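Observations on the model geometry
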2 protein chains.
Amino acid sequence: MRNFSYNTPTKIIFGEGSIEKLEKELSKFGKNVLLTYGGGSIKKIGLYDEVIKRLKKFNVFELNGIEPNPKYSESVVPGVKICKEKNIDVILAVGGGSVLDCSKAISVGALSNEDTWDILTYKVKHDKALPIVDILTLAATGSEYDSGAVISRPETNDKIDFGSKYVFPKVSILDPKYTFSVSKRQTAAGTADAINHVLEQFMARESSLLNDGMMISAIKSLMHNVKIALDNPEDYQARAELMYACTLACNGIFSNGTGPQNWPMHGIEHALSGYYDITHGEGLAIITPRWMEYILCDKTVDRFIKLAEVFDLHDEDKFKLAKKVIEEFYKFFESINIPMNLRKLGIDEKRVKEMAHHVHICEHLDWEEAFYPLNEEDIEKIILNSL
Amino acid sequence: MRNFSYNTPTKIIFGEGSIEKLEKELSKFGKNVLLTYGGGSIKKIGLYDEVIKRLKKFNVFELNGIEPNPKYSESVVPGVKICKEKNIDVILAVGGGSVLDCSKAISVGALSNEDTWDILTYKVKHDKALPIVDILTLAATGSEYDSGAVISRPETNDKIDFGSKYVFPKVSILDPKYTFSVSKRQTAAGTADAINHVLEQFMARESSLLNDGMMISAIKSLMHNVKIALDNPEDYQARAELMYACTLACNGIFSNGTGPQNWPMHGIEHALSGYYDITHGEGLAIITPRWMEYILCDKTVDRFIKLAEVFDLHDEDKFKLAKKVIEEFYKFFESINIPMNLRKLGIDEKRVKEMAHHVHICEHLDWEEAFYPLNEEDIEKIILNSL
């Protein structure tokens, strides 16, 4: 095992009715609350009214309309402004990963006099952030239990990964019932995102029995439960299992001590959604089997063999088995109705070279320690194979 | 899944050389340090000198000689006294679960004017504790990553479980190399303890695919790696995997959402080591297959079937398969040289009735929500079967 440091201070309050703890938890941080949310789905399901009802003793300010692939200029900047003007004490993020990520970016900008973009791109340091409490409405990114945020800036085609120990949510309220109304398409994309989080950690040179076991269990659980949730969106147990698996999938507890990691599929996908604003989980699902095919070789084949446990597959021929594993991932994503070609999402050859160059410059996928380093040409081929 | 709340704020610093972070981490809490340790094995391996060398800028006071099954009067009370007299800011626990548990008990007593035993038995409330930093030297109890402490008081035959969110260690320094010198007997007992922690969580009515998968992986990892560590005590990878698995095994992350739990094997074993001061992990290993045999019935058989994955066992006859699983656990513990009868540890029929009564009164194993409630007679039979 490799050396690691791990610390996730977030408190998870999980299960039906967890919102009852909201007032008590929020009041630990102050009176002035910035309520952040997305396009209004929390109003449709009655959660907005429920939250407002419970915030009578607080001064509530709002930032709404936060987009999927949350945007720097449209959402982060206005959020920082409100926090400064209204002396916000705590951010209450109600939504999925985009609302959370946006709130994390706001939380560091709010307590700094520096330009927030410079903080998010590590040009200037930060040493604090506003506390965040969240109510999750989408099982997907795991942002409710990690220290990362992905922010887009379409003006520059940037989609950046920001990480800071200061932005772990203080409290995450996870009630599976709030995901009952998530559309089939978003349910599938969210699950694909979480599966990919596990795969990014799994596909590394070094691992251990326990790490592998946790990761394989997580993938199996996600694959099993998403089918149930798609058939019956109000199946509590399936929604709950998806929620817990997604929460752990991006947190690092599965892969502490393994590595090294550099998340190549995310690196490539960030360009796709940076340029075309596609759904992150769909982009990842499309890339996954193409990246796998591309990197399959003597050096990597044993991880595929281990991964065969997900599907209970066996074959004496290692490469035949690895190819079966890749095929199974493809078939699985197809079976939950993810369009498995980038063309179906409106992406064609036109900007592939440009995106590959952008990924090459920004994501450092040619890191020689990586499981399988990718140069600019590799990236271009993988995107082309995904069209 | 059942509702749960989960929050483990402990920072883990894992791997060879982690002690380099000691000074920086400790200095966050103050200057006056109570260094707690056991019978001197940390001196033999040079760790004591290493620690003292790194504490030059601190005022160090010592509490040493902390026993296995740490004792209230001999260790907790003197520790509390030193903390109060010397205005201790932080406890540095160097050792295994016993040193840690003792330090946790001291940490709550140190900041209270109440009798520490009354706090540990919840007769009076507490709302704070001294911070604890630890350097672990034994992979076993998981105390380095949980909020529990087990304290013995032989005068009253008590061995109590204390839990408090205030006693999570702030920082746990986990260097697998410090476990290289752990004896074969303690290596086996520590692993048996951790396996039993997982089993106590696994054997419940409700679970999920992910929870089951994590727990089965942990048991497999522990079983696999303990054999390697027994053959070659300086195998870093095996010692590291044991350390990480033990750390997660008692923390709750494996079983969040499952349940209900009431840890019957621990309940019974606490009487055995409360009365006879035996090694906790050995007592648990001896009880495990006897408890399993005793509770095997229509209501419980399916959990055994699931547990068969640990050994990759299959049989169409459910009960035959369950019995094989129990036999495999027995054979495994025997294979790592755990004496599999209580008589071998000096326990005979004499005080069985008394112990069963004590367990019945103190441990509430007849809780009707339990996976398999045990009355006084059941407890007596399980102990008799373990002789």
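Residues numbered from 1 in each chain as written. Chains lettered and ligands numbered in written order. Predicted model: local features only at pLDDT ≥ 70, side-chain atom pairs only at ≥ 80, totals over all residues.

Here we take up the overall build of chain A. Along chain A, the regular secondary structure elements total 15 helices and nine strands. Relative to a compact globule of 387 residues, whose C-alpha radius of gyration would be 21 Å, chain A shows 20 Å and is just as compact. Considering chain A as a whole, with its 387 residues, one finds that 54% of them fall into the buried category. Taking as baseline every contact in chain A between residues at least 6 positions apart, the subset at least 24 positions apart corresponds to 77%. (Helix = DSSP H or I, 4+ residues; strand = E, 2+ residues; numbered from the N terminus. Rg over C-alpha atoms; globule rule 2.2 N^0.38 Å. Buried ≥ 20, exposed ≤ 12 C-beta atoms within 10 Å, placed from the backbone. Contact = placed C-beta atoms within 7 Å.)

Right, let's talk about the interface of chain A and chain B for a bit. Chain A puts 34 residues into the contact, and the matching count from chain B is 34 residues. Listed by contribution, the elements that provide at least two residues to the side of chain A that touches chain B are β1 (4-6), β2 (11-14), α8 (209-231) and α9 (236-249) of chain A. Tallied by class, the residues present in the side of chain A that touches chain B amount to 16 nonpolar, 13 polar and five charged. Across three bridges, β2(A) lies against strand β1 (residues 4-6) of chain B in antiparallel orientation. If you follow A:Ile13 over to β1(B), its bridge partner there is B:Ser5. (Nonpolar A, V, L, I, M, F, W, Y, C, P; charged D, E, K, R; others polar. Pairing = 2+ DSSP bridges.)

Here the focus is the domain arrangement of chain A. All names here are of chain A. Assigned domains of chain A: these are domain 1 (11-179) and domain 2 (184-386). Placing the centre of domain 1 and that of domain 2 at their C-alpha centroids yields a distance of 26 Å. In terms of residue class, the side of domain 1 that touches domain 2 is built from eight nonpolar, six polar and four charged. (Domains from an automatic or database assignment.)

For the rest of this paragraph, the subject is the pairing of β2(A). Residues and elements named next belong to chain A. Judged by which residues are buried, β2 turns out to be covered on both faces: Lys11 and Ile13 on one side and Ile12 and Phe14 on the other are all buried. Bridging between β2 and strand β9 (residues 171-174) involves four bridges; their strand directions are parallel. Bridged to lysine 11 within β9 is valine 171.

Residues and elements named next belong to chain A. For the pair helix α10 (residues 264-276) and helix α14 (residues 352-363), interaxial distance at closest approach is 9 Å and the crossing angle is 125°. Considering their axes alone, α10 and α14 lie oblique with respect to each other. Crossing of α10 against α14: the hand is right-handed. Packed against α10, whose contacting residues are Gly267, Ile268, Ala271, Leu272 and Tyr275, the element α14 presents Met355, His358, Val359 and Glu363 at the interface. Per-class residue counts for the contact of α10 with α14 are six nonpolar, two polar and one charged. (Axes fitted to C-alpha atoms, helices over the stretch in contact; angles between N-to-C directions. Parallel < 35°, antiparallel > 145°, perpendicular 65-115°, else oblique. Left-handed = near helix turned anticlockwise from the far one by under 90°.)

Our next topic: α9(A). Because each turn of an α-helix spans 3.6 residues, side chains separated by three or four positions in sequence point in the same direction. Residues and elements named next belong to chain A. For α9, with 14 residues, the first-to-last C-alpha span of 20 Å sits near the 20 Å given by 1.5 Å per residue. Of all 14 residues making up α9, 12 are buried, and the element is well covered by its neighbours. Residues of α9 that are buried include every one of Ala238, Arg239, Ala240, Glu241, Leu242, Met243, Tyr244, Ala245, Cys246, Thr247, Leu248 and Ala249, and no others. (Expected span 1.5 Å × (residues − 1).)

Moving on, we come to the relation of the copies chain A and chain B. Overlaying chain A on chain B yields an RMSD of 0.0 Å, the required transformation being a rotation through 180° with an accompanying axial translation of 0.0 Å. The superposition of one copy onto the other is thereby described by a two-fold rotation axis. With an isologous cut-off of 70% or more, the 100% of interface residues of chain A that recur at the interface of chain B puts this contact in the isologous class. (Least-squares fit on C-alpha atoms with pLDDT ≥ 70 in both.)

Spatially, β1(A)-β2(B)-β9(B)-β6(B)-β5(B)-β3(B)-β4(B) is the arrangement adopted by the seven strands of the open sheet, whose pairing is mixed. With partners counted over all chains shown, the strands left at the sheet margins are β1 of chain A together with β4 (59-63) of chain B, one partner each. The average undirected angle you get between the axes of adjacent strands in this sheet is 15°. Taken strand by strand, helix α5 (residues 97-110) of chain B contacts β3 (32-36), β5 (90-95) and β6 (132-136) of chain B, and its axis lies near 165° from that of β5(B).

Okay, unusual backbone geometry next. All names here are of chain A. At the junction of glycine 259 and proline 260, the peptide bond is cis and its omega measures out at -10° in the coordinates. With respect to the element layout, proline 260 can be found in the loop between α9 and α10. If you check the backbone angles, asparagine 87 has positive phi at about 50° while not being a glycine. Among the secondary structure elements, asparagine 87 is positioned in the loop between α4 (72-85) and β5 (90-95). Note on asparagine 87: 12 C-beta atoms within 10 Å, which makes it exposed.

All names here are of chain B. Here helix α11 (residues 280-295) is 16 residues long and its end C-alpha atoms lie 22 Å apart, about the 22 Å a rise of 1.5 Å per residue gives. The sharpest bend along α11 reaches about 30° and sits at isoleucine 287, with the proline proline 289 one to four residues further on. Extensive coverage of α11 is indicated by the burial of 14 of its 16 residues. (Bend = angle between axes of the 7 residues up to and from the residue.)

Residues and elements named next belong to chain A. It is the contact of α14 with helix α15 (residues 376-386), at a shortest axis distance of 8 Å, that shows an interaxial angle of 135°. Judged by the inter-axis angle, α14 sits oblique to α15. Like other packed secondary-structure pairs, α14 and α15 cross with a definite hand, here right-handed. Taking contact as the criterion, the partners of Val352, Lys353, Met355, Ala356, His357, Val359 and His360 in α14 are, on α15, Glu376, Ile379, Glu380, Ile383 and Leu384. For the contact of α14 with α15, the residue count by class is seven nonpolar, two polar and three charged.

Among soluble globular proteins, nonpolar side chains are generally buried collectively. Within the largest apolar cluster, 240 residues are counted, with the highest numbers of intra-cluster contacts made by A:Ala218 and B:Ala218. The residues contacting A:Ala218, other than those within four sequence positions of it, are A:Val198, A:Ala245, A:Leu248, A:Ala249, A:Phe254 and B:Leu210. (Core = buried A, V, L, I, M, F, W, Y, C linked by C-beta atoms within 7 Å.)

A separate point is the sheet that holds strand β6 (residues 132-136) of chain A. Pairing within the open sheet is mixed, and its seven strands lie in the order β4(A)-β3(A)-β5(A)-β6(A)-β9(A)-β2(A)-β1(B). Looking at which strands have only one partner, the edges of the open sheet turn out to be β4 (59-63) of chain A together with β1 of chain B. Neighbour-to-neighbour, the strand axes of this sheet turn through a mean angle of 15°, independent of strand direction. The pairing of strand β3 (residues 32-36) of chain A with β4(A) spans five bridges and is parallel. Counterpart to A:Leu35 in the pairing with β4(A) is A:Glu62. Each of β3 and β4 of chain A touches α4(A); the most contacted strand, β4(A), lies at about 160° to it. Helix-sheet contacts for helix α5 (residues 97-110) of chain A involve β3, β5 and β6 of chain A, and the interaxial angle to β5(A) is about 165°.

This paragraph deals with the pairing of β5(A). Residue and element names in this part refer to chain A. Where burial is concerned, most of β5 is hidden: six out of the six residues are buried. The sheet contact formed by β3 and β5 spans four bridges and is parallel. Within β5, the residue paired with threonine 36 across the bridge is alanine 93. One ladder, built from five bridges, connects β5 with β6; its direction is parallel. In the sheet register, valine 94 faces β6, and the bridge partner there is isoleucine 135.

So, on to the confidence of the model for chain A. Looking at chain A as a whole, its pLDDT mean stands at 97, while 100% of the residues score no less than 70. For this predicted complex, the interface score ipTM comes out at 0.96, alongside a pTM of 0.97. (pLDDT = per-residue confidence, 0-100.)

Attention shifts here to the environment of B:Glu269. Note on placement: B:Glu269 falls in helix α10 (residues 264-276). Separated by 11 residues in the primary sequence, B:Glu269 and B:His280 have C-alpha atoms spaced 7.1 Å apart.

This part is about the environment of A:Asp302. Within the fold, A:Asp302 resides in helix α12 (residues 301-307). Linking A:Asp302 and A:Met203, residues 99 residues apart in sequence, is a C-alpha distance of 9.9 Å.

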